[in-house]
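Fold and contact review
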Amino acid sequence: MAREFQGPKGTRDFYPRDMALRRHIEAAWRHSSIVHGFEEIDGPTFEHLDLYTVKSGDGIVSELFSFRRAGGEDDYALRPEFTPTLARMVAAKAGGLPHPIKWFAIPSHFRAERPQRGRLREFLQWNVDLLGIDGAQAEIEVLSTAIVALERLGLSPSDVRVKLSHRGVVSAALRSLGVREDRMADAFTLLDRRDKLDAAAFSARAAEMGLGAGGLEAFARVARARFPAASAVQAMREATGCTDADAAPIAAVLDGLKAAGLDAWCDVDLGIVRGLAYYTGSVFEVHEASGGERAVAGGGRYDGLVEMFGGPRTPAVGLGMGDVVLALVLRDRGKLPADEGESLLPRPDAFFISAEGDSSDRMLPGLLASLRRGGLHVRQSYKSTRNVGKLLADAGKCRARKAVILGAELADGMVQVKDLDRNEQVVVALHDLAQHLRGE
RNA sequence: GCGGCCGUAGCUCAGUCGGUAGAGCGCCGGGUUGUGAUCCUGGAUGUCGCGGGUUCAAGUCCCGUCGGUCGCCCCA
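Just so we're clear, the structure is a prediction, and the values are computed from it rather than from any experiment. (Residues numbered from 1 in each chain as written. Chains lettered and ligands numbered in written order. Predicted model: local features only at pLDDT ≥ 70, side-chain atom pairs only at ≥ 80, totals over all residues. Heavy atoms only, no water.)

**Some details on the protein's contact with RNA strand B**
- Around RNA strand B sit 39 residues, and of these Arg-119, Lys-383, Ser-384, Asn-387 and Leu-420 come closest.
- Considering the 4 Å shell around the protein, atoms of RNA strand B inside it are sugar or phosphate in 44% of instances.
- Taking Arg-114, its side chain carries an N or O atom lying 2.9 Å from a base nitrogen of RNA strand B.
- Within the contact set of RNA strand B, a sugar or linking oxygen lies 3.3 Å away from a side-chain nitrogen or oxygen of Tyr-278.
- Of all elements in the fold, only helix H14 (388–397) and strand S17 (414–419) reach the threshold of two or more residues within the surface near RNA strand B.
- Per-element tally for the surface near RNA strand B: the top contributor is H14, with seven residues.
- Among the residues making up the surface near RNA strand B, the classes are represented as 10 nonpolar, 11 polar and 18 charged. (Near = heavy atom within 4 Å. Polar contact = N/O pair within 3.5 Å; in protein donor to acceptor, adjacent residues only side chain to side chain. Helix = DSSP H or I, 4+ residues; strand = E, 2+ residues; numbered from the N terminus. Nonpolar A, V, L, I, M, F, W, Y, C, P; charged D, E, K, R; others polar.)

**Overview of the confidence of the model for chain A**
- Of the residues in chain A, 99% have a pLDDT of 70 or more, and the chain-wide mean is 90.
- For this predicted complex, the interface confidence reaches an ipTM of 0.83, while the overall pTM sits at 0.93. (pLDDT = per-residue confidence, 0-100.)

**A few points about the pairing of S17**
- By the criterion of burial, S17 is predominantly enclosed, with five of the six residues buried.
- Taken together, the four bridges between strand S16 (residues 402–406) and S17 define a ladder with antiparallel strand orientation. Residue pairing in the sheet places Val-404 in a bridge with Val-417 of S17.
- Both S17 and strand S18 (residues 424–429) contribute to a ladder of six bridges, which runs antiparallel. Note on S18: the bridge partner recorded for Val-417 is Val-426.
- As consecutive antiparallel partners, S17 and S18 are separated by four residues, and within that stretch Asn-423 has a phi angle of approximately 60 degrees, a positive value. (Buried < 20%, exposed > 50% of the residue type's maximum accessible area, 1.4 Å probe, protein only. Pairing = 2+ DSSP bridges.)

What follows is the structure in structure tokens.
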């Protein structure tokens, strides 16, 4: 008895066009990673459950797909992020790895959340990690890698913005605004929630942190301010009263981005907090310019993480970029083909039409095999009709560049080759066919 | 975990007052004029998401459930 099956909630089926779009994105990620000197790694799709609770606490379990083998006693979880695996891998090899460590990965991840816009239960996330460098060079390289990938996908600084912040700089700025030291964590939480609270609620919460009227207003302004990279240090000083020394960690990153010619993509946004988890310095996010979507990417410096997983203290900067929001932004911005990926599918070099009869039928398999061994992408029809018009329609439907018609000219060792893009047709000798199809 | 909206052919949808299922496009096969077309012809489109209830009778009304979508919580 046939049953109807549905895919699990929040998962995707990748039909050929979908897969072509996915490979398009992955190719940009991989390319940018490689030209920046990162090497590709991967790890297991599931890990011991402990690996995630060590970093994120027991509360994380409800967000995970965790399981136990029937009859087993070990708890596992499908990986919800890659960083713990990476930290484990680094810790395991400890001193044996040449520094700096520059790795990237494009694994799938799983989270047991209710799906919504930009958020699914299974998704791809590109991870770029640079370990072993204390200075801003690490941030600059990781951000450059992200920006070059976005650029390769057709995006520009008017489409997406890289928003930079820094835990230490924000603390200093908040102190100079008058936030009490013991309320600093609350102030960070409030910054993180700036877009979820209305003005009144925001002010009420801010007032609890010891801010006077002037400081309150400045805090509200700073929480939402974006300072263009070129003038950010001065603007931060004016808006928050922090010193040049306070702003130095961000200034170092900005200087490097400017030297690399990437500052046009970047703003300083002190409202970027990224939870209270494990970031120890820089934090950054990439957003669609209008702010309408979830973050395209997020990351920062996490100097304590490898140590947490049993390795030596290792400075580290990492970035994660998910495919779901990125694809939405690319679509929003018109950077995906209008044909839903059709034009990203591989095009056959030639589509063969056996029009002559039995003798052309007999020679076709050998001809195709020979061309394929030579690296050409060639196809044939599976229809029984000899209707050349229909078979040419077939050729067009599979996006073939050329159609090769095996017709009466076979008697002279010739075939007709029709360029389907230009609608031009020539007669070519069989022994020149491979060369002709290669465009030589 | 909570809430809004949605669910009929592959797609877009129609389906009246409750009376056993429709159109267009697309798809597949065949034929004709040899050249992606036109024309002719044939075909599958489907447990109306699924399950229950009301009814003589449910795509239609009610309940539940699954899935999609958008939001809340959370967001590593």
